[in-house]
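# Topology and contacts: notes
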Amino acid sequence: MKVAMESINPGVRQCDAVAEIQRALFRGTPEIGGEYASIATLLPTGKGTSASHLTATDEKFVEGEATIIELSGVNGIAELLSSVAGINISTNGGPGQLTSIFIQGSNSNQVLILVDGIAINDSATGIAAVQNIHPDMIEKIEIVKSPRASLYGSNAVGGVIHIFTKRNQQGVNIGFKSGSDNTKVTNLFASTEVLDGRMGLQLNHYDTAGFPSKEGSNINSPHDNTSVKGFFDQQWDRSTLKASIWNSQGTTDYLDFFFNPISQDFDNTAVSFNFDQKKNEAWTSSLHLGINKDFLDQNDSNDFNHSKKFILEWKNNLKWNPNNQLLAGITFENEEFEASNYGLGIDSELSNTAVFLENIFLSGKNQFLIALRLSLIHISEPTRLGMISYAVFCL
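Not measured: the values here are computed from a predicted model.

## Quick word on the pattern of salt bridges
Under the counting rule described, the total for this entry stands at 10 salt bridges. Here E142 ties to K140 by a salt bridge, and the two come within 3.4 Å at their closest N and O atoms. For K140, a relative accessible area of 40% gives the class partly exposed. Between R238 and E281 there is a salt bridge, with its nearest N and O atoms 3.6 Å apart. Placement of R238 in the loop between β10 (223-235) and β11 (239-255) and of E281 in the loop between β12 (261-278) and β13 (283-298) is noted, with a sequence separation of 43 residues between them. Relative accessible area serves as the criterion here: at 37%, R238 is assigned to the partly exposed category. You can call E281 exposed: its relative accessible area is 63%. Taken together, the shared-partner salt bridges connect R238, K278 and E281 into one network.

## Digging into the nonpolar core
In a soluble, globular protein the nonpolar side chains are often hidden away together inside. Core analysis: the biggest nonpolar cluster contains 19 residues, and I77, I101, I113, I133, I161 and I163 have the highest contact counts within it. Of all elements in the fold, only α3 (77-81), β2 (99-103), β3 (111-115) and β6 (159-165) reach the threshold of two or more residues within this core. If one sorts the elements of this core by residue count, β3 sits on top with 3 residues. Judged by nonpolar contacts, the second largest core, of 7 residues, contains A17, V18, L43 and F61.

## A short note on unusual backbone geometry
One can expect most non-glycine residues to show negative phi and most peptide bonds to be in trans. Its identity is not glycine, yet N182 carries a phi of approximately 55 degrees, on the positive side. In this structure, N182 sits in the loop between β7 (171-179) and β8 (183-194). Look at N182 and you get partly exposed, because its relative accessible area is 46%. One non-glycine residue with positive phi stands out, namely Y342, at about 55 degrees. We classify Y342 as exposed; its relative accessible area is 73%.

## Some details on the packing of aromatic side chains
All told, the structure shown has 1 aromatic pair when counted by the stated rule. Consider the rings of F189 and F231, whose centres lie 6.3 Å apart with planes at 20 degrees: the pair is stacked. A residue pair is termed long-range when its members are at least 10 positions apart, and F189 in strand β8 and F231 in strand β10 qualify at 42 residues. On the basis of relative accessibility, which here comes to 4%, the residue F231 falls in the buried class. The ring of F164 has K140 lying over it, and the distance from NZ or CZ to the ring centre is 4.8 Å. Sitting over the ring of F295, K293 keeps its end group 5.1 Å from the ring centre.

## Considering the layout of surface pockets
There is about 1,100 Å³ of room inside the second largest pocket. Lining the second largest pocket are 39 residues, and of these Y254, Q264, L296, Q298 and N305 sit closest to its centre. Those elements that place two or more of their residues in the lining of the second largest pocket are β11, β12, β13, β14 (304-321) and β15 (324-341).

## A look at the sheet that holds strand β4 (residues 118-119)
Read across the sheet, 4 strands follow the order β4-β3-β6-β5 without closing on themselves; strand pairing throughout is mixed. The sheet is open, and its two borders are formed by β4 and β5 (138-144), each paired with just one other strand. Pairing analysis gives 2 bridges linking β3 to β4, with the strands arranged antiparallel. Residue pairing in the sheet places V115 in a bridge with I118 of β4.

## Comments concerning the side chain of E358
Inspection of the secondary structure puts E358 in strand β16 (residues 344-363). A distance of 2.8 Å separates a polar atom in the side chain of E358 from a polar atom in the side chain of R148. With residues near it in sequence (within four places) discarded, E358 still touches R148, S150, L151, Q325, L326, L327, L369, I370 and A371.

Cut-offs applied
Residues numbered from 1 in each chain as written. Predicted model: local features only at pLDDT ≥ 70, side-chain atom pairs only at ≥ 80, totals over all residues. Heavy atoms only, no water. Salt bridge = Lys/Arg side-chain N within 4 Å of Asp/Glu carboxyl O. Buried < 20%, exposed > 50% of the residue type's maximum accessible area, 1.4 Å probe, protein only. Helix = DSSP H or I, 4+ residues; strand = E, 2+ residues; numbered from the N terminus. Core = buried A, V, L, I, M, F, W, Y, C linked by side-chain atoms within 4.5 Å. Phe/Tyr/Trp six-rings, centres within 6.5 Å; stacked < 30°, edge-to-face > 60°. Lys NZ or Arg CZ within 6 Å of the ring centre and 35° of its normal. 1 Å grid on protein atoms, 1.4 Å probe; cavity = no way out; pocket = protein on both sides within 12 Å on 5 of 7 lines; lining within 4 Å. Points joined across faces, edges and corners; volume = space filled by probe spheres on them. Pairing = 2+ DSSP bridges. Polar contact = N/O pair within 3.5 Å; in protein donor to acceptor, adjacent residues only side chain to side chain. Contact = heavy atoms within 4.5 Å.

In short, the description is geometric, and any link to function would need to be established separately.
Written out as structure tokens, the structure is:
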């Protein structure tokens, strides 16, 4: 990826950049030899970014035009993030199994995962079901490798990973991929202009026979995942509306402690509604509403984990001057969690009301952040917990 970023410059032919990337892939490093990627290097640029999987041409890169770099056909978030410095990935087995993300030594339950602005971490484990988000559904990923608990709460002590699903492609795109372990991926994306914006729909189906995930076993662990995503975007003079819904359902097979094959059904949903209004040149106000559902049901026992979360946030961004920015807001969050594990039942409800304030100062190449968050947490009936968090960072 480093060679790709260095090779793509205005005036350079696309094919010449691909040649440098391929050379780096095959050459590898002094310690480890190179290898070919699972797909050809793809560099859709300019208007070509509205289509998927375009090969390079002899046209030159143009100043100000975006370029998408596709180096390999990964089949999961774990593969996608494993090459990012400072991020470690742990999976419990084959495709569809629990995936934990660690940023710079933090615990996995201290890394907040957002999908189109909606936090998908559950309150019981603090871990998000990122293994159920197929890369074909993703447009981009933003990573914050520093604590942002003052803005997002305690789940962001380690950092934040924000996943944006696709919505900027145009027209109709249909794709099909097949590979080892009888893996098949079908993808359909369609969008159209409507009123003062766009609306679209994406369908993705991933199915694999899997592979033996435990040493000494010859039993494969199949996995299938059907995902649906819809969006509706509108933009007026000083206002922007963005609404989306994502749902993934399927079945994951795996082996228990005694190497017996068992399976579980999953059902994940994230609904996002954002309304941004630019009051004036310095002040932007945002209203954010979100719903997240994370259901996991065992097929060979009565065990289950069900989480339902509602989020409402009002945020204001005030830019005093080019080097000073103030962010203030209030968040209300309610989560119902119900589970049964090995006969032990859990039924709890968590409510959290928080106000936050942060100020960012820019000085040359340095960024100073002063932040404060006050949270009032109510867990079920008998327990109340108040918490004040503050942070001062130099980035």
